[in-house]
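Each chain, letter by letter, is given below.
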Protein chains: 2
Amino acid sequence: MRNVFVIGVGMTKFGKFPEMRIDDLARSAVMDALKDSGLAPKKIQVAYFGHTRQGTCAGQRVLADLGMTGVEILNVDNACASGSSALRYATLAVSYGMAEVALAVGMEKLSTTIKGVIPPREDDLEGAMGRVMPSVFAMIAQQHMHRYGTTARQLALVSVKNHANGTLNPRAQYQKGVTVDEVLNSRMICDPLTLLQCTPIGDGAAAVILASEDVMKRLSGSVPIRVAASVLLSGEARIEADWDITVSKVTTHAANMAYNQAGMEPKDIDVCELHDCFTAAELVHTENMGFCARGEGGRFVEEGHSSITGRVAVNPSGGLLAKGHPLGATGVAQACEIVWQLRGQAGKRQVTDARVGMAHTMGGAVSGAETGACAIHILAREA
Amino acid sequence: MRNVFVIGVGMTKFGKFPEMRIDDLARSAVMDALKDSGLAPKKIQVAYFGHTRQGTCAGQRVLADLGMTGVEILNVDNACASGSSALRYATLAVSYGMAEVALAVGMEKLSTTIKGVIPPREDDLEGAMGRVMPSVFAMIAQQHMHRYGTTARQLALVSVKNHANGTLNPRAQYQKGVTVDEVLNSRMICDPLTLLQCTPIGDGAAAVILASEDVMKRLSGSVPIRVAASVLLSGEARIEADWDITVSKVTTHAANMAYNQAGMEPKDIDVCELHDCFTAAELVHTENMGFCARGEGGRFVEEGHSSITGRVAVNPSGGLLAKGHPLGATGVAQACEIVWQLRGQAGKRQVTDARVGMAHTMGGAVSGAETGACAIHILAREA
């Protein structure tokens, strides 16, 4: 397996753009990534497009519009982990020598099709009875409060932190700070999760270009950002009787695999974009990923350890809560943020001397399993 | 790159099963493939699921139902080439040493959601104006008749042949023979294509298990079927002014790449499952894939060269026209048919001493390009 480097990133602003075609958003992200890389479009040998509801052959539409025809293109769908799945397969393509240059794109337009909660499938009986995402994460929050004495205020602080980070990110869907009281007094969605503790519906796209070391070295001025780990797993079995829902077994497992691949430990991570679809999700995933001990997630955010100036900057982009969460776009957008942080290009939200970053997504509700997919990547600055 | 072998295949009957869940169809195909391979489910290290409208994380649902959790799963969508894209990525996973055993599944249920023509996307302006699949292939047929004197009877003979083959395939959606007159007198869909010249709407699933040579050799009684070539490309640019629509540039290109990979020529192919979504498609693809010269497609079928006893048996399974075409399932089902033919397990439709088989799918309508995706595989019996 060869070393793989990120040589270009691009991302649209996230938000609600009902008047725009998703293809135009995706094309814009791809063009930005190409410009960032300095490569001509014809250098792209294989492309992976992550999205969940942008129609069949969406990737082919986007690249054909750019005059990129006759290349290998795969559309991948792993729910909210679609973009990170695309990133993984672009990484593998370069790593295994299938291509010198590979493109990963995440794209999603939800604003004209979804209002509020993403509806369950017709044949999803658990979903029909109310096991939709807000209730899943509300149960996780309740259980964490019960087991560890986590407070509503600690949960709210995740939202306060991520919205504060969003004010520093010109590409974030929400760029307005919120207070603990505003979070707690916003509309109740599913106790204890209020509206400002839930990720919004939105549109957007992001693109990452990966290349071999040879190609990377020929590009002048490129800061070498290496993909140090890439993991994709489906969720572990969910056995109701003894299942501690505050633990994401698959996140723990995937994170450990990623640390092993990278030869790193949680303390080596300077910046982490993780899947904060709800405040409770970020809280438990800081535990699952080893940044703090089990049960400590509430105190971890409260004591500022996950702030931009903390031990590990968690979701400096604003995360899913404030940057937004156009499903398929998220995993690739996370990688863009990590790259900007490692290059020192993150503007007002820059994490000081960030050298190692991690990205984590979870995707999909699957009966009998804790989740559909979990993807983790570690990126490292090499110079 | 390592040699990759097919060690298990499974497929449901194709047809309309409105009362069945797609997950149950897919699970049945996976279980058949596992049984055929002799492997335990836990041996599957990575799985690729091709489908176009079975919901996000459909693959995870199917494997979780079988107790297969915590594995790498990717759902892929390349329209009608989704199944063959899954097959390609399972092949690559073993070839590059990412896994010893990989699973490819194609699955689709259309009977409860689609009636007649697959509707174009809301923002597909060409589709809204009538550029849907039957009209595309009707134009191809008209152009072929104009350029080469191809007759309506020759087009109808493709349907007659494939329906005759379908009568020999217990898994085919249609198992009733048709005459030239019945084909020509069936309802006109888009001149010159009548109803019996169009692939039907249907449901079904298929699964293929691929493995390294080491694993294959440990399985007693396994006939070694090697993946000799695997190609996936997006369509070439469509430039209206000088575009000869009877030529699929991407099929020609992908077929040549596949022949090069395999070190073979068209004359080496004993059996070919190709994308006969309409009679005109099979007719031109026998030319595009090099089985006969440009313009000779009509005579090729008329003279029996593509019959089960001909030079190259084209669509002995009944093809998309008679076996059926549950979009994402097709590419994997084609591979099942090729494997049965190469193993000598194809029953009444057995091609005598078939040693090399080819499978070809086309997927998706993309504005500005001839198609979304084209995938070609060559399988070869090694003993």
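Up top is the structure these notes are about.
For the structure given in this document, a descriptive report is provided here. (Residues numbered from 1 in each chain as written. Chains lettered and ligands numbered in written order. Predicted model: local features only at pLDDT ≥ 70, side-chain atom pairs only at ≥ 80, totals over all residues. Heavy atoms only, no water.)

Attention shifts here to the relation of the copies chain A and chain B. Two copies of one chain are present, and they are related through a rotation about an axis combined with an axial shift. Take chain A, turn it by 180°, move it 0.0 Å along the axis, and it overlays chain B with an RMSD of 0.0 Å. In short, the pair behaves as if placed about a two-fold rotation axis. Taking C-alpha positions as the reference, the residue of chain A nearest the rotation axis is Val76 of chain A, at 2.2 Å. Most of the interface of chain A is mirrored in chain B, where 100% of its interface residues again form contacts. (Least-squares fit on C-alpha atoms with pLDDT ≥ 70 in both. Contact = heavy atoms within 4.5 Å.)

Residues and elements named next belong to chain A. Cis rather than trans, the peptide bond between Asp191 and Pro192 has omega equal to 10°. Checked against the element boundaries, Pro192 lands in the loop between strand 5 (188-190) and strand 6 (193-194). If you check the backbone angles, Asn315 has positive phi at about 55° while not being a glycine. Structurally, Asn315 is set in the loop between strand 10 (313-314) and helix 12 (319-322). (Helix = DSSP H or I, 4+ residues; strand = E, 2+ residues; numbered from the N terminus.)

All names here are of chain A. Of all ten residues that make up strand 8 (residues 225-234), ten are buried, and the element is covered over most of its length. In terms of strand pairing, strand 1 (residues 4-11) meets strand 8 through two bridges, oriented antiparallel. Its bridge partner being in strand 8, Phe5 is matched across the sheet by Arg226. Two strands pair when backbone bridges link them, and strand 8 and strand 12 (residues 373-381) are joined in this way by nine bridges, in the antiparallel orientation. Note on strand 12: the bridge partner recorded for Leu233 is Cys374. (Buried < 20%, exposed > 50% of the residue type's maximum accessible area, 1.4 Å probe, protein only. Pairing = 2+ DSSP bridges.)

A few words on the pairing of strand 2 (residues 46-50) of chain A. All names here are of chain A. Counted residue by residue, strand 2 has five buried out of five residues, so it is predominantly covered. Residues Val46, Tyr48 and Gly50 point to one face of strand 2 and Ala47 and Phe49 to the other, with burial holding for every one of them. Sheet topology places strand 2 next to strand 3 (residues 72-77); five bridges connect them, and they run parallel. The partner of Ala47 across the bridge, within strand 3, is Ile73. As paired elements, strand 2 and strand 4 (residues 101-109) share five bridges and run parallel to each other.

For the rest of this paragraph, the subject is empty space enclosed by the protein. Per the stated rule, a full pass over the model turns up two cavities of 30 Å³ or more. A volume near 100 Å³ is recorded for the largest cavity. Around the largest cavity sit Tyr48, Tyr89, Leu92, Ala93, Tyr96 and Met98 of chain A together with Tyr48, Tyr89, Leu92, Ala93, Tyr96 and Met98 of chain B, which together line it. Residues belonging to the lining of the largest cavity are distributed by class as follows: twelve nonpolar, no polar and no charged. By volume, the second largest cavity amounts to about 30 Å³. Every residue lining the second largest cavity is listed: Ser234, Gly235, Val366, Ala369, Thr371 and Gly372 of chain A together with Gln60, Leu63, Ala64, Met68, Thr69 and Ile73 of chain B. The element contributing the most residues to the lining of the second largest cavity is helix 2 (residues 58-65) of chain B, with three residues. Residue classes in the lining of the second largest cavity are distributed as six nonpolar, six polar and no charged. (1 Å grid on protein atoms, 1.4 Å probe; cavity = no way out; pocket = protein on both sides within 12 Å on 5 of 7 lines; lining within 4 Å. Points joined across faces, edges and corners; volume = space filled by probe spheres on them. Nonpolar A, V, L, I, M, F, W, Y, C, P; charged D, E, K, R; others polar.)

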